[in-house]
Amino acid sequence: MSEPNPMANSVPLGRAYEIIEDGQPFGDYTIEHCLAYDMLGSLYSALNNETGQRETLFVFPSLVGQDSAFPERLGDQAEKLCALKHANILGFKDAVIIENKYCLIEEVFDGLCIPDHLMLLTGSQLSVSANKQATNLPPSQVTPILEQVLAGLSCAHESKVMHLNLNPTKILRNVRGEVKVYGFHFLAILGQELFEML
């Protein structure tokens, strides 16, 4: 069962994030809730209405559709994304277009990004990912998170893959303490010029 989403139907101030609301249809999917978001896109738990299976979707901003080179870069990186297999890396399955938006289908994982997970644990009202409030955890809780992040990064580095945009919104954690890193190759997929426009 998925964690409740403390950010349900809320959009951070200060940037035009493209958030699909909980319960909204999106192609053959129904969005359950947003797991993480930043300027590079949003990660969702979604129900595939055709198969009845829960899937994880990463949705790039609409702006990427204006870049004619984006599909080629996405295709070039897809094979590398598929090759990243580790317990602490969110697995990549496929790249698709849904409602004119480029999306990645990822491994199902019932966690939230670290800032929103901390909100859920502490009951705070403002998202750390929106830079509104700092929340501290004792070292005894931080160490297991970092160990899992480093294990995932070590695997990626052995495969000659760098993350290039690692931040708390790219780290997912569930209530069982399991951690997964996602977002590898996003900068390579987007390209420098498009990234600077976001």
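Residues numbered from 1 in each chain as written. Predicted model: local features only at pLDDT ≥ 70, side-chain atom pairs only at ≥ 80, totals over all residues. Heavy atoms only, no water.

## Observations concerning the environment of A69
Working step 1: Relative to the elements of secondary structure, A69 occurs in the loop between β4 (54-59) and α1 (70-83).
Working step 2: Along the chain, A69 and I189 lie 120 residues apart, while their C-alpha atoms are 9.5 Å from each other. (Helix = DSSP H or I, 4+ residues; strand = E, 2+ residues; numbered from the N terminus.)

## Re the sheet that holds strand β8 (residues 171-173)
Think of a sheet as strands paired side by side through backbone hydrogen bonds, with each pair either parallel or antiparallel.
Working step 1: On the basis of which strands lie adjacent, the open sheet formed by three strands has the order β7-β8-β9 and antiparallel pairing. Each edge of the open sheet carries a strand with a single partner, namely β7 (112-113) and β9 (179-181).
Working step 2: Where β8 and β9 come together, three bridges link them in antiparallel fashion. Looking across to β9, one finds that I171 is bridged to V181.
Working step 3: In this fold helix α3 (residues 139-158) packs onto β8 and β9, with an angle of close to 40° to the strand it touches most, β9. (Pairing = 2+ DSSP bridges. Contact = heavy atoms within 4.5 Å. Axes fitted to C-alpha atoms, helices over the stretch in contact; angles between N-to-C directions.)

## Concerning the packing of aromatic side chains
Working step 1: Applying the stated criterion to the full structure yields four aromatic pairs.
Working step 2: An angle of 55° between the planes, with centres 6.2 Å apart, marks the rings of F58 and Y182 as tilted. Here F58 is found in strand β4, whereas its partner Y182 is found in the loop between β9 and α4 (186-190), with 124 residues between them in sequence. In this pair, the class of F58 matches that of Y182, namely buried. (Phe/Tyr/Trp six-rings, centres within 6.5 Å; stacked < 30°, edge-to-face > 60°. Buried < 20%, exposed > 50% of the residue type's maximum accessible area, 1.4 Å probe, protein only.)

## Quick word on the nonpolar core
In globular proteins that are soluble, nonpolar side chains generally tend to be buried together.
Working step 1: One finds L43, F60, L172, Y182 and F184 to be the most contacted residues of the largest nonpolar core, which totals 36 residues.
Working step 2: Examining the composition of this core, we find that five residues originate from one element, α3, more than from any other.
Working step 3: Those residues in contact with F184 that lie beyond four places of it in its chain are L81, L84, I89, L153, A156, V161, M162 and H163.
Working step 4: Judged by nonpolar contacts, the second largest core, of 13 residues, contains I20, Y29, I31 and L57. (Core = buried A, V, L, I, M, F, W, Y, C linked by side-chain atoms within 4.5 Å.)

## Quick word on α1
Working step 1: Taking 1.5 Å of rise per residue, the 14 residues of α1 would be expected to cover 20 Å, and the 20 Å separating its terminal C-alpha atoms lies within 8% of that figure.
Working step 2: Remark: the principal bend of α1, roughly 30°, maps to Q77.
Working step 3: Every buried residue of α1 is listed here: F70, R73, L74, Q77, A78 and L81. (Expected span 1.5 Å × (residues − 1). Bend = angle between axes of the 7 residues up to and from the residue.)

## Details of the pairing of strand β5 (residues 92-98)
Working step 1: Pairing geometry for β5 and strand β6 (residues 101-106), over six bridges, is antiparallel. Paired with A95 across the two strands is L104, which belongs to β6.
Working step 2: Two successive antiparallel strands, β5 and β6, enclose a turn made up of two residues, where E99 displays a positive phi of approximately 50°.

## As for the sheet that holds β5
Working step 1: Ordered in space as β1-β2-β3-β4-β6-β5, the six strands form an open sheet in which the pairing is antiparallel. Single-partner strands in this sheet number two, and they are β1 (25-26) and β5.

## Re α3
Working step 1: Across its 20 residues, α3 extends 28 Å between first and last C-alpha, which sits within 8% of the 28 Å expected from 1.5 Å per residue.
Working step 2: Turning to α3, its buried residues number three or more, namely I145, Q148, V149, G152, L153, C155 and A156. For α3, the angular spread of the buried residues around the axis is 160°, confining them to a single face. Exposed and oriented more than 90 degrees from the buried face of α3 are P139, S140, E147, L150 and E158. (Arc of directions from axis to C-beta.)

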